[in-house]
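# Examination of the molecular architecture
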Amino acid sequence: MLFRSAVVDDYLKKNWEPRVTPDMGPTIRIKTGLFIQSLRFSGASDVNVSGYVWQHYEDGVNDKLKPAPGEAPGFVFPEQVDSGNTVEPREAYRMRNGKDEVIGWYFEAVVRQPFEYFTYPFDHKTVWLRMWPREFSANVVLVPDLDAYNATGIHDVFGIDESIVLGTWQRTDTYFDYHPASYDTNFGIANYVGMKDFPELRYNFVICRRFGDAFIIHLLPLLMVLALLYGALLTISDDPELSERYGFSASGVIGSCSALFFVVLLAHMQLREQFAGMEVVYIEYFYFLLYVLIAAASAYAYLFAARRAKFLSFLYEHDNLAVKVGFWPVVFGSMLAISIVVMLAHPS
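Attention in this report is confined to the structure presented alongside it. (Residues numbered from 1 in each chain as written. Predicted model: local features only at pLDDT ≥ 70, side-chain atom pairs only at ≥ 80, totals over all residues. Heavy atoms only, no water.)

Moving on, we come to the overall build of the protein chain. A tally of regular secondary structure across the protein chain gives six helices and ten strands. Taking all 348 residues of the protein chain together, the buried fraction comes to 43%. Accessible area of the protein chain: about 18000 Å², with a carbon and sulfur share of 59%. (Helix = DSSP H or I, 4+ residues; strand = E, 2+ residues; numbered from the N terminus. Buried < 20%, exposed > 50% of the residue type's maximum accessible area, 1.4 Å probe, protein only. Areas by Shrake-Rupley, 256 points an atom, 1.4 Å probe, with all protein chains shown as cover.)

Next comes the structure, spelled out in C-alpha cells:
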C-alpha cells in the first residue's frame, strides 16, 4: 500500500532499481493520478468505470514521452475489454504546473477481473485499475501522484467521487499499490524490461455489499416459505376433530409442499443466473436446506397417514409435538451450522 511519496521511493529502490541493467537505461518516473466518477458492475466479472487520469511530464526529462495534442494517452489499461460501445480516452485539459506540463484525460472503460462471490451476501470486492505506461518497452514506471489528494493515509478514502452511486455497494477503502508483474514473453521487443517483476501501478477501491437488499430479495422469501411449510406441518394431526377443522390430508400437505418447492426453485434459478459458471455461494446452501425440509415434510405427511414407519413412532406421540416444537430449532440450528462452516472455509 502506497500512502506517502517516501514509501513509493523506498519500494522502487528496494524492489525494482536493483534489477535495472545498463541496457535498460535509467528508470523514468511519470507521476500519474486517477479519479473515479462512476462504477457499475455490468456482469459477474465486468466492471464499468469512468473518470479522469492525469500525468505530469517534466520539462527536459519526459519530453520524448509526452503525448502531443490528439495523440493516444500516456497510459494503458491492460485489462480493458471491448464492451461494444467503448469510448477511447480523450484529452480533457493540458496546462503548465511549474516545470511540469499536466495532461488529463477523461476515460470510460470496462475492465474484466476475477471476483469471488462465495460469501454472498456478506461479500466485499477489491476492484483495481492496472495501468501501464504507453511506452512500456522503455524503462518507464508510473508513480502515484499522491500530492494531488487531500489525504492518502491508510484509513483515508481518496480518488473517488463522494457522491458516487454504487447501488447495492458501499465504498470502504481506496489505495495505490504496485503489483510485480512477470511475463513469459518479451512481446517481440529485445531487452524488454517488464518480463520479471516489473512494478505495475494499481489503483484499488474496496467496496462491500449492502446486506439489506439481498435480505429483502432472497432471504425474506425463504423465511416466508419456511413459515408456510411450518403451517402445513401444523395441520398434521391424529385428532379427528382437529383433522376435520384443519382439513388435514396427506395429499393436501404434499400438494402444498410441491407448490413451495417450485417457488423455491424459481427463486434459486433467479439467484443462480447472477453467478452462472461460478461455485456455489453461501446463500444457496439455504435453498438446499429448504429442498431437504420440503422433501422431509412430504415424506413425513405420507408416513404419518400410512403409519408404516415404526421407527418414527416417537414423532407421532402427543399429536406430533416433537415435530411441531423441534421444527424451528432444527431450521435455525442448520442455518447456524452452514454459516459457521462457510465462514471458516472462507474467512474475510
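Applying the stated criterion across every chain yields a total of 13 salt bridges. Here Glu-200 ties to Arg-130 by a salt bridge, and the two come within 2.9 Å at their closest N and O atoms. Of this pair, Glu-200 sits in strand β10 (residues 198-209) while Arg-130 sits in strand β7 (residues 124-133); the two residues are 70 residues apart in sequence, bridging distant segments of the chain. An identical accessibility class is assigned to Glu-200 and Arg-130; each is buried. Between Glu-284 and Arg-272 there is a salt bridge, with the nearest N and O atoms lying 2.4 Å from each other. Taken together, the positions of Glu-284 in helix α5 (residues 284-306) and Arg-272 in helix α4 (residues 250-274) put the pair twelve residues apart, joining distant regions of the chain. By relative accessible area, which is 2% here, Glu-284 ends up buried. Counted as one network, the salt bridges with shared partners bring together Asp-59, Lys-66, Arg-96 and Glu-101. (Salt bridge = Lys/Arg side-chain N within 4 Å of Asp/Glu carboxyl O.)

Attention now moves to the side chain of Thr-119. For Thr-119, the location among the structural elements is in the loop between β6 (100-112) and β7. With near-sequence residues (within four places) excluded, Thr-119 lies in contact with Tyr-282 and His-346. (Contact = heavy atoms within 4.5 Å.)

Let us look at α4. In this model α4 runs 37 Å from its N-terminal to its C-terminal C-alpha over 25 residues, within 8% of the 36 Å that 1.5 Å per residue would give. Burial in α4 covers these residues: Ala-250, Val-253, Cys-257, Leu-260, Val-264, His-268 and Leu-271. Buried positions along α4 lie against α2 (211-234) and α5. (Expected span 1.5 Å × (residues − 1).)

Here we take up the nonpolar core. Among the nonpolar cores identified, the biggest contains 85 residues, and Ile-36, Phe-41 and Tyr-203 are the most heavily contacted of them. A per-element tally of this core places α5 first, with eleven residues. (Core = buried A, V, L, I, M, F, W, Y, C linked by side-chain atoms within 4.5 Å.)

A few words on the packing of aromatic side chains. Scanning all chains against the criterion turns up 25 aromatic pairs. Between Phe-75 and Trp-105 the ring centres are 5.6 Å apart and the planes differ by 70 degrees, which places this aromatic pair in the edge-to-face class. With Phe-75 in strand β3 (residues 75-76) and Trp-105 in strand β6, the pair connects residues that are 30 residues apart, well separated along the chain. Summarising the burial analysis for this pair, Phe-75 and Trp-105 share the class buried. One aromatic cluster in this structure is built from Trp-54, Tyr-149, Phe-158, Phe-176, Tyr-203 and Phe-205. It is Lys-125 that lies over the ring of Tyr-117; its NZ or CZ is 4.2 Å from the centre. Between the NZ or CZ atom of Arg-202 and the centre of the ring of Trp-128, over which it lies, the distance is 4.5 Å. (Phe/Tyr/Trp six-rings, centres within 6.5 Å; stacked < 30°, edge-to-face > 60°. Lys NZ or Arg CZ within 6 Å of the ring centre and 35° of its normal.)

What follows is about the environment of Phe-115. Tracing the chain through its elements places Phe-115 in the loop between β6 and β7. Separated by ten residues in sequence, Phe-115 and Lys-125 have C-alpha atoms that sit 7.0 Å apart. If we skip the residues at most four places from it in the chain, Phe-115 touches Phe-41, Ala-44, Ser-45, Val-47, Lys-125, Thr-126, Val-127 and Met-278.

Pairing within the open sheet is antiparallel, and its four strands lie in the order β3-β7-β10-β9. Only two strands of the sheet have a single neighbouring strand rather than two, namely β3 and β9 (169-181). Note that β9 and β10 share twelve bridges and pair antiparallel. Bridged to Tyr-175 within β10 is Asn-204. (Pairing = 2+ DSSP bridges.)

Contact geometry of α2 with α5 gives a least axis separation of 11 Å together with a crossing angle of 10 degrees. By the criterion of interaxial angle, the relationship of α2 to α5 is roughly parallel. Regarding α2 and α5, the two cross each other, and that crossing is left-handed. Judged by residue contacts, His-218, Leu-219, Leu-222, Val-225, Leu-226, Leu-229 and Leu-233 of α2 engage Phe-286, Tyr-287, Leu-290, Leu-293, Ile-294 and Ala-297 from α5. The residue makeup of the contact of α2 with α5, split by class, is twelve nonpolar, one polar and no charged. (Axes fitted to C-alpha atoms, helices over the stretch in contact; angles between N-to-C directions. Parallel < 35°, antiparallel > 145°, perpendicular 65-115°, else oblique. Left-handed = near helix turned anticlockwise from the far one by under 90°. Nonpolar A, V, L, I, M, F, W, Y, C, P; charged D, E, K, R; others polar.)

This paragraph deals with a nonpolar patch on the surface. On the surface, Phe-122, Phe-211, Phe-215, Ile-216, Ile-217, Leu-220, Leu-223, Met-224, Phe-332 and Met-343 cluster together into a nonpolar patch covering about 880 Å² of accessible area. Those elements that place two or more of their residues in the nonpolar patch are α2 and α6 (313-345). Sorting elements by how many residues they give to the nonpolar patch places α2 first, with seven residues. Assessed through its relative accessible area of 36%, Leu-220 is described here as partly exposed. (Patch = residues over 30% accessible without salt bridge, like charges linked within 9 Å, V, L, I, M, F, W, Y side chains within 5 Å.)

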